[in-house]
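# A closer look at the structure
Residue strings, one per chain:
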Amino acid sequence: MIRDLVTRAGLVLAGALTATAAFAAPAAAHGADAPDGTDYRTEVSAVAPARPGLTVRVVEAGARLELTNTGDRAVEVLGYSGEPYLRVGPDGVYENVRSPATYLNRTIAGDTRLPAEANPAAAPDWRRVDGSSTVRWHDQRALWRESAPPPQVRAAPDREHRVRDWTVPLRAGTETGEIRGTLDWVPPPNAYVWWVVATVGLLAVGALGLLPARSGPGARALAGLGALLVLGGVAAVVFTVGRELDAGAQGVGGVLTGLLGGQVWALLTGLGAVAAGVFALARRPAADFALALAGACLALFAGLANAAVFARAVAPVPWPASTARILVALILVAGAGATAAGALRLHAARPSPPPPAPSPPPSPRVDHGVVVGDEPEQSGPDRAP
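First, a word on what this report is: a plain description of the structure on this page.

The rules behind each value
Residues numbered from 1 in each chain as written. Predicted model: local features only at pLDDT ≥ 70, side-chain atom pairs only at ≥ 80, totals over all residues. Heavy atoms only, no water. Helix = DSSP H or I, 4+ residues; strand = E, 2+ residues; numbered from the N terminus. Buried < 20%, exposed > 50% of the residue type's maximum accessible area, 1.4 Å probe, protein only. Contact = heavy atoms within 4.5 Å. Areas by Shrake-Rupley, 256 points an atom, 1.4 Å probe, with all protein chains shown as cover. Pairing = 2+ DSSP bridges. Axes fitted to C-alpha atoms, helices over the stretch in contact; angles between N-to-C directions. Core = buried A, V, L, I, M, F, W, Y, C linked by side-chain atoms within 4.5 Å. Lys, Arg positive; Asp, Glu negative; His and termini not counted. Salt bridge = Lys/Arg side-chain N within 4 Å of Asp/Glu carboxyl O. Polar contact = N/O pair within 3.5 Å; in protein donor to acceptor, adjacent residues only side chain to side chain. Phe/Tyr/Trp six-rings, centres within 6.5 Å; stacked < 30°, edge-to-face > 60°. Lys NZ or Arg CZ within 6 Å of the ring centre and 35° of its normal. Parallel < 35°, antiparallel > 145°, perpendicular 65-115°, else oblique. Left-handed = near helix turned anticlockwise from the far one by under 90°. Nonpolar A, V, L, I, M, F, W, Y, C, P; charged D, E, K, R; others polar.

### A closer look at the overall build of the chain
Across its full length, the chain holds 9 helices and 12 strands. Buried positions account for 42% of the 385 residues belonging to the chain. Taking all contacts inside the chain whose residues are at least 6 apart in sequence as the whole, residues at least 24 apart take part in 67%. Counting only carbon and sulfur atoms, one obtains 61% of the accessible surface of the chain, whose full area is about 20500 Å².

### A few points about the sheet that holds strand E8 (residues 134-137)
In space, the 3 strands of this open sheet follow the order E2-E3-E8, with antiparallel pairing throughout. Both outer strands of the open sheet, strand E2 (54-59) and E8, are each paired with one neighbouring strand and no more. Between one strand axis and the next, the sheet turns by 20° as a mean value, whatever way the strands run. Across 4 bridges, strand E3 (residues 64-69) lies against E8 in antiparallel orientation.

### As for the nonpolar core
Counting 35 residues, the largest nonpolar core has Leu229, Phe239, Leu298 and Phe310 as its most contacted members. Counting residues per element, the ones that place at least two in this core are helix H4 (191-206), helix H5 (216-246), helix H7 (264-281), helix H8 (287-303) and helix H9 (321-348). Residues Leu86, Val163, Leu170 and Leu183 belong to the second largest nonpolar core, which totals 25 residues.

### Concerning the side chain of Asp39
Within the secondary structure, Asp39 is located in the loop between helix H1 (2-27) and strand E1 (40-48). For the buried Asp39, which has no salt bridge, the nearest side chain bearing the opposite charge is Arg312, at an N-O separation of 4.1 Å. Within the structure, Asp39 has its side chain in polar contact with the backbone nitrogen of Ala313 (distance 3.0 Å). With near-sequence residues (within four places) excluded, Asp39 lies in contact with Asp184, Trp185, Val186, Pro188, Ala311, Arg312 and Ala313.

### Here's the deal with the packing of aromatic side chains
What describes a pair of aromatic rings is the distance from one ring centre to the other and the angle between the planes of the rings. A full pass over the atoms with the stated rule returns 5 aromatic pairs. Centroid distance Tyr40 to Trp185: 5.5 Å. Interplanar angle 70°. Geometry classified as edge-to-face. Placement of Tyr40 in strand E1 and of Trp185 in strand E10 (residues 175-185) is noted, with a sequence separation of 145 residues between them. For Tyr40, a relative accessible area of 15% corresponds to the buried category. Here the aromatic residues Tyr40, Trp144 and Trp185 are joined through ring pairs into a cluster of three or more. Across from the ring centre of Tyr94, 4.5 Å away, lies the NZ or CZ of Arg87, which sits over that ring. A cation over a ring is seen here: Arg87 above Trp126, with NZ or CZ 5.0 Å from the ring centre.

### Re the packing of H5 against H8
Relative to each other, H5 and H8 sit at 30°, their axes nearing to 11 Å. Considered as vectors, H5 and H8 are oriented roughly parallel to each other. Relative to H8, H5 is oriented so that their crossing is left-handed. For the pair H5 and H8, the contacting residues are Leu222, Leu225, Gly226, Leu229, Gly232, Gly233 and Ala236 in the first and Ala287, Asp288, Leu291, Ala294, Gly295, Leu298 and Ala302 in the second. Among the residues forming the contact of H5 with H8, the class breakdown is 9 nonpolar, 4 polar and 1 charged.

### Here's the deal with the sheet that holds strand E5 (residues 84-89)
Strand order in this open sheet of 7 strands is E1-E10-E9-E4-E5-E6-E7, and the pairing throughout is antiparallel. The sheet is open, and its two borders are formed by E1 and strand E7 (126-130), each paired with just one other strand. Geometrically, the sheet is characterised by an average inter-axis angle of 25° between neighbouring strands, direction not taken into account. Two strands pair when backbone bridges link them, and E5 and strand E6 (residues 92-96) are joined in this way by 4 bridges, in the antiparallel orientation. Residue pairing in the sheet places Gly89 in a bridge with Gly92 of E6.

### Some thoughts on the packing of H4 against H9
The N-to-C vectors of H4 and H9 enclose an angle of 30°; their axes lie 7 Å apart at closest approach. Looking at the two axes, H4 sits roughly parallel to H9. Between H4 and H9 lies a crossing whose hand is right-handed. Facing Trp194, Trp195, Ala198, Gly201, Leu202, Val205 and Gly206 of H4, the residues of H9 in contact are Ser322, Arg325, Ile326, Ala329, Leu332, Val333, Ala336, Gly337, Ala338, Ala340, Ala341 and Leu344.

### Observations concerning unusual backbone geometry
Residues other than glycine predominantly adopt negative phi, and peptide bonds predominantly adopt the trans conformation. With an omega dihedral of -10°, the bond running from Ala48 to Pro49 counts as a cis peptide bond. Tracing the backbone through its elements, the reader meets Pro49 in the loop between E1 and E2. Positive phi outside glycine occurs at Ala61, with the angle close to 55°. As for its placement among the helices and strands, Ala61 is situated in the loop between E2 and E3.

### Concerning the environment of Ala236
Structurally, Ala236 can be placed in helix H5. When its relative accessible area of 0% is taken as the criterion, Ala236 is described as buried. Distance in space between the C-alpha atoms of Ala236 and Leu330 is 8.9 Å, their sequence separation being 94 residues. When neighbours within four sequence positions are excluded, Ala236 is seen to be in contact with Gly270, Leu298, Ala302 and Ile331.

Pasting the structure below:
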């Protein structure tokens with residue numbers, strides 16, 4: 001039975017990894033280069049002059065700017081040479097295929113090859129890309145794109161530094177304006193401390209699997225493992241929803257669309273962990289197997305996949321980065337700890353092999369009426385052999 005359960009677990013994990021790879025391609029077209037964390041904090045300080053219905057904010061941990069224009073006049077975002085780049089208005093979102101920014105801003109690295117028709121001096125050629133009133137884009141003016149940090153950061157990396165004040169020019173008809181913002185370096189946390197906390201926690205949780213399953217302490221340990229896995233699953237769902245909110249999703253529909261488009265496995269493993277935890281709390285049969293499998297998926301798809309926040313100052317969630325680290329640590333402790341404890345309990349429940357049957361005594365061989373191998377019977381000390 002144990003072998004069948006392990007085989008099923010392997011098939012489920014293999015299927016999950018295959019499906020993850022399959023979903024990765026569609027996600028690449030929808031902000032797949034959003035960072036898992038960064039040490040550069042991008043903020044919008046003002047839109048000048050203020051216009052009714054025009055708002056701008058930072059999304060994806062500072063990787064993109066988001067402009068929403070619900071006013072009755074279109075607003076243009078100007079590119080790096082002052083050419084029209086984006087147009088957002090009542091009739092939707094348009095991009096100028098002649099603007100080099102249209103191609104450079106498709107990736108956060110800005111390394112897209114420019115086509116021959118890209119010419120900032122040419123007349124705009126507008127192409128409609130969306131029917132909404134919101135557009136999001138990478139803007140090199142609000143990012144630090146060099147591999148090495150700025151000189152002031154290299155001189156004092158343990159201090160916060162203002163890297164630059166940036167502006168993005170706007171235009172509405174003949175009126176001009178700009179988005180103003182700041183780019184700061186924030187010292188990263190000590191990732192070693194967070195990894196030690198997570199490791200010690202998961203070892204402590206895993207040790208609960210050493211308690212005899214049929215004893216009173218073992219039954220209470222199973223209930224505790226189930227409750228902890230529920231907490232870890234809830235933390236995974238909260239963190240995943242937070243990532244979608246930080247990516248600009250608005251409303252229940254927007255969040256669900258984002259979750260199903262790029263965060264589906266993190267969401268499913270969180271919900272699966274909650275279900276497995278409830279299963280263990282009810283002390284159902286195969287609860288140990290459910291703990292081990294759900295915990296492994298939780299630690300892999302929702303814990304390790306987001307562990308970059310341990311080493312980054314700015315996390316891709318709309319809350320303080322310390323909250324994100326606590327959530328990820330809880331996910332890892334609950335997931336990996338439940339996996340270890342469930343595996344230990346499964347191993348202890350494995351039936352012992354039956355003892356080997358005793359070998360039968362050898363039968364005597366008869367050769368021509370004489371029993372071979374038997375000692376001759378002695379009736380007295382003087383009897384000849």
